Amino acid sequence: MLKKIREDNKIDVSPRKIGYGRIEDAKEKILTHLKAKGGSLPLNDDSSPEKIKKSITD
């Protein structure tokens, strides 16, 4: 995905979607994981970002 065209005419690219598209991808991953785990994950408001990421990628 094209991120930016710089003043020196070089471009910055990203392998991930930018903005809202990235949120939609994350939403789908979370919903799929929730369904696979019976609708519940062992997470709460105090869960660390690392624990959340590990839980979703397991």
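Scroll up a little and you will see the structure.
Residues numbered from 1 in each chain as written. Predicted model: local features only at pLDDT ≥ 70, side-chain atom pairs only at ≥ 80, totals over all residues. Heavy atoms only, no water.

A. Fine view of the overall build of the protein chain. Along the protein chain, the regular secondary structure elements total two helices and two strands. For the protein chain, the α and β elements follow one another from N to C terminus as β-β-α-α. Here the protein chain holds 58 residues, and the buried ones make up 9% of them. Partitioning the intrachain contacts of the protein chain with sequence separation of at least 6 by distance along the chain shows that 6% fall at a separation of at least 24. (Helix = DSSP H or I, 4+ residues; strand = E, 2+ residues; numbered from the N terminus. Buried < 20%, exposed > 50% of the residue type's maximum accessible area, 1.4 Å probe, protein only. Contact = heavy atoms within 4.5 Å.)

B. Quick peek at a nonpolar patch on the surface. Taken together, the side chains of I5, I11 and V13 present a nonpolar region at the surface, about 310 Å² in accessible area. If you trace the backbone, I11 turns up in strand β2 (residues 11–13). (Patch = residues over 30% accessible without salt bridge, like charges linked within 9 Å, V, L, I, M, F, W, Y side chains within 5 Å. Areas by Shrake-Rupley, 256 points an atom, 1.4 Å probe, with all protein chains shown as cover. Salt bridge = Lys/Arg side-chain N within 4 Å of Asp/Glu carboxyl O.)

C. Spatial organisation of the side chain of S47. As for its position among the elements, S47 is in the loop between α1 (20–36) and α2 (49–57). Assessed through its relative accessible area of 14%, S47 is described here as buried. Here N44 takes part through its backbone nitrogen, which lies 2.8 Å from a polar atom of the side chain of S47. (Polar contact = N/O pair within 3.5 Å; in protein donor to acceptor, adjacent residues only side chain to side chain.)

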